[in-house]
Amino acid sequence: MAEETENENNLVPAHDRVVRINIEDQMKSAYIDYSMSVIVSRALPDARDGFKPVHRRVLYGMEELGVNSGKPYKKSARIVGDVLGKYHPHGDSSVYEAMVRMAQDWSMRYPLVDGQGNYGSLDGDPPAAMRYTEARLRKIAEEMLSDIKKDTVDFQLNFDDSLEEPSVLPTRIPNLLVNGASGIAVGMATNMAPHNLTEVIGGIVAYIDNRDIEIPELMQYIKGPDFPTGGIIYGYNGVREACETGRGRVVMRAKAEIETTKSGREIIVVTEIPYLVNKADMIKRTVDLINDKKIEGISEIRDESTRDVRIIYEIKRDANANVVLNNLFKHTSLQSSFSVNNIALVKGRPMMMNLKDMIHEFVEHRHEVVVRRTKFELAEAEKRAHILEGYLIALDHLDEVIKLIRASETPEDARVGLMERFGLSDIQARAILDMTLRRLTGLERDKIKEEYAELMKTIEYLKQVLADEGLRMKIIKDELLEIQEKYGDERRSIIVHSAEDMTMEDFIDDEEIVITISHNSYVKRTPLSEYKRQGRGGKGAIGSNTRDEDFTEHIITATAHNYMLLFTEAGRCFWLRAFEIPEGSRTSRGRALQNIINIPKDEKIKAYILVKNLKDQEYLENNFIIMCTKQGTIKKTSLEAYSRPRANGINAININEGDQLIEACLTSGSSEIVMALRSGRAIRFNESTVRPMGRTATGVRGITLDTTTDEVVGMISVDNSELSVLVVSEKGYGKRTDIEDYRITNRGGKGVKTINVTEKTGELVAIKGVTDNDDLMIINKSGIVIRIGVDSLRVMGRATQGVRLITLKETDEIASITKVAREEEEEEADVDSEANLENENSEDQATEETE
């Protein structure tokens, strides 16, 4: 009974059987299928031939229909119907519009279809209906279809499995680059710019010659997009970004000239407009802006275009044509942008591609085509050679062959007899039986032998091609150069640099300069060449005019493009490009730093660091800034922490009350640090004993001060043992000591004697790390500068008092010293200091009066 019930329950009518599914899952699944279909089979081009399926089908359909460049035109409706019925089962408008676009020379950089009739216009006029227009392939399109019958590409079944269509074309033209593509898929879109064929082929050949070529090198060949409507590419940054990353914004401008009419009125003449801009809409929009008073100064707009664009903007007499033109660029489509988004299908998957990726995919595709074509041609040649070998055997035994054939009752008997008697294959035997009698004449026999000899050479060559990749690459190059010769042309779009491309660096030579910062924070830059070298003990030259007891405190040698990191006594860091400092003569006062950077008025610059750039991440992470304070504190922080300039500066170090920052230097992480005290002592220790800290930390003990009146006067970092330590006292004495004279000790000690401080020398004021290749620039508080060669100072022991570097008046003192790079020039004065000591006072007086 239970079984019967169960059976009855199972006997449910077919139409009542309902499969319950989750609608959310079903919609997800269906939408994913749809989106994948749109991505792969409709909206995105293949990276190899640069075509979407519709374009590929139109060209292949036209080839199959026989409408080649040398044949008569055929009605567009005939072509569309053929493509529709055989390969592309969608709306006829989709096929016709794709074909029309391939015929428009303002849409395609290199049109592929030769259209006859009304194919639309730049004003957005639609083309005539397909029953009125005609079309055929252009020669360049045939290059994209060449060798398609030689098994060069895979074929796939069409929509109803009745025919086969190519999955990709064996194109000899790098179509993806030269004609670009655009399409909107699901969740992604592509927008690829057209390029110049001559340039693209130059770039591809360079890539074949050097697979490791970098994108900047490729861009020496492929300068940037080349739009069919010409115009001007305004600015190069977007082009560079697009080539390097696959995304970028290319700004396009119309080609416009300002001319003066016979009546003296100024007019703007536009002869080329940006790519994809509708001319009629642009003019209408401009008229609306003029009526709304958004653009002023235009009295009339005329469109005088025929085949060539010519738009006239008449300027009012009281208006400035340049200002009007700039307003037109700003408010109308005379300036527009092309957003490059290079997404194409690579092995069926969408991929963002840079310039090198696109070239790579094309070259790989061409390589596969050449290999498959060669294999096909080799197989065909071997088939023919096989038949010719049969012919030659038959001709060598002609009488016997004729006798055997005559004696055979049926062709089948003759075929079998030939195969058995002469060891021929079935194909060869059939070919002999199909021979005409005229092939037996002497002349024909010679032709067969010649053909066979030529075939053997061809087979040998084709085998070489298959065995040698270098030879295959040469074939690809030769075919590309042949294409370049046939279809290459000049650029239409001119590239000009915009103001955005031009940074201040582009206008300023990266020359060596001297930056001087005064005690009262006046700053200037001067070419280093203005300072000549003098002998030790000389009196120097005026370095700057000072007033109100101001004097130069820092002399910095740099190049104009360097970044300067300026550190104040309160521990704040500010940034300044060297070229942003106002230029001044050697004797000028300079400009207040507060007028250049937002430095607080009560803070003074105590230290500086020169940095090449702040963009190189590796450089930033592997270099450190070490700072020291007057009371002997030292702190180390990664340069990366100071790589993001801010207008109002940042805290570089936390300074304790009563202390102040006095020095900062750039190190590699493995340097040795030497700190010197006013009392004439110095300490040397390895920077590895100072761990890196954050920007806001205070630091650790670097050197211990004996008395409350003592203080740190300077710090140097030592990277090589050739460096010697130069110390200078306030009364003009100085000396060099070998770095090895300072033993390495623990951080925080009291140090060792570095100079014998006496009443004659005065206390220590500076410490520098120098070599024989350096020059020394010394400036005293009265503004006198002297430049001497470090090699004129002999190396002495630590405990000596040194020699006189600069002759000072009794009331004068040294304010600052710095080292500069040696210049290859003759010394301005080679004065022996000892011989001049007697006359110094009178000479100083004379110099002061002269100045």
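The name an unreviewed UniProt entry assigns to the chain is DNA gyrase subunit A, from the organism Sphingobacterium paucimobilis HER1398. In the Sequence similarities (unreviewed entry) part of its UniProt record, the chain is described as follows: "Belongs to the type II topoisomerase GyrA/ParC subunit family."

Caption draft 1: Focus on the UniProt feature "active site" (unreviewed entry) in the chain. Sites flagged by UniProt as "active site" (unreviewed entry) map to Tyr132. Within the fold, tyrosine 132 resides in the loop between β2 (113-116) and β3 (134-137). When its relative accessible area of 54% is taken as the criterion, tyrosine 132 is described as exposed.

Caption draft 2: Layout of unusual backbone geometry. You will see that aspartate 151, though not glycine, has its phi angle at about 55°, which is positive. You can see aspartate 151 is positioned in the loop between α6 (139-145) and β4 (155-157). On the basis of relative accessible area, aspartate 151 is assigned to the partly exposed category, the value being 45%. The phi dihedral of lysine 293 falls on the positive side, at around 65°, and the residue is not glycine. Along the chain, lysine 293 falls in the loop between α11 (279-291) and β12 (298-303).

Caption draft 3: Representation of helix α18 (residues 469-487). Look at α18: 27 Å from first C-alpha to last across 19 residues, which is about the 27 Å you get at 1.5 Å a residue. Buried within α18 are the following residues: Arg472, Met473, Ile475, Ile476, Glu479, Leu480, Ile483 and Tyr487. Seen end-on, α18 carries its buried residues on one side only, within an arc spanning 155°. Packed against the buried residues of α18 are α6, α8 (197-209), α13 (355-396) and α17 (442-467). One side-chain oxygen at the N-terminal end of α18 lies 2.9 Å from the backbone nitrogen of glycine 470; it belongs to aspartate 468.

Caption draft 4: Spatial organisation of the packing of α17 against α18. Here α17 crosses α18 at 100°, and the two axes come no closer than 5 Å. The orientation of α17 relative to α18 falls into the category roughly perpendicular. Between α17 and α18, the residues in contact are Tyr461, Gln464, Val465, Leu466 and Ala467 and Glu469, Leu471, Arg472 and Ile475, respectively. Its residues assigned to classes, the contact of α17 with α18 shows six nonpolar, one polar and two charged.

Caption draft 5: Spotlight on the sheet that holds strand β32 (residues 700-701). An order of β29-β26-β27-β32 is seen for the four strands of this open sheet, with the pairing classed as antiparallel. Two strands bound the open sheet, and with one partner strand each, they are β29 (661-667) and β32. Taken together, the six bridges between strand β26 (residues 624-629) and β29 define a ladder with antiparallel strand orientation. Looking at β29, one finds that threonine 629 is bridged to leucine 661.

Caption draft 6: Representation of the side chain of arginine 56 in the model. Following the sequence through the fold, arginine 56 ends up in helix α3 (residues 53-65). Classification of arginine 56 by relative accessible area gives buried; the value is 8%. A distance of 2.9 Å separates polar atoms of two side chains, one belonging to arginine 56 and the other to aspartate 49.

Caption draft 7: Region of the structure containing the nonpolar core. Membership of the largest hydrophobic core comes to 81 residues, with the highest contact counts inside it found for Leu59, Met62, Met99, Leu112 and Ile359. In terms of residues, this core owes the most to one element, α8, which gives eight residues. Each of two domains, domain 1 (23-146) and domain 3 (368-487), supplies a minimum of three residues to this core. Excluding its chain neighbours within four sequence positions, the residues that come into contact with leucine 112 are Phe51, Leu59, Met102, Leu137, Arg138, Ile140, Ala141, Met144, Asn175 and Asn179. Ile283, Ile290, Leu325 and Leu328 belong to the second-largest nonpolar core, a separate cluster that totals 24 residues.

Caption draft 8: Looking closely at the pattern of salt bridges. Going through the model one piece at a time under the given rule, you end up with 51 salt bridges. A salt bridge links arginine 109 to aspartate 489, with the nearest nitrogen and oxygen atoms 3.1 Å apart. With arginine 109 in the loop between α5 (92-103) and β2 and aspartate 489 in the loop between α18 and β17 (494-496), this residue pair connects regions lying 380 residues apart in the sequence.

Rules of the game
Residues numbered from 1 in each chain as written. Predicted model: local features only at pLDDT ≥ 70, side-chain atom pairs only at ≥ 80, totals over all residues. Heavy atoms only, no water. UniProt positions renumbered as here; feature names shortened; annotations may be inferred. Helix = DSSP H or I, 4+ residues; strand = E, 2+ residues; numbered from the N terminus. Buried < 20%, exposed > 50% of the residue type's maximum accessible area, 1.4 Å probe, protein only. Expected span 1.5 Å × (residues − 1). Arc of directions from axis to C-beta. Contact = heavy atoms within 4.5 Å. Polar contact = N/O pair within 3.5 Å; in protein donor to acceptor, adjacent residues only side chain to side chain. Axes fitted to C-alpha atoms, helices over the stretch in contact; angles between N-to-C directions. Parallel < 35°, antiparallel > 145°, perpendicular 65-115°, else oblique. Nonpolar A, V, L, I, M, F, W, Y, C, P; charged D, E, K, R; others polar. Pairing = 2+ DSSP bridges. Core = buried A, V, L, I, M, F, W, Y, C linked by side-chain atoms within 4.5 Å. Domains from an automatic or database assignment. Salt bridge = Lys/Arg side-chain N within 4 Å of Asp/Glu carboxyl O.

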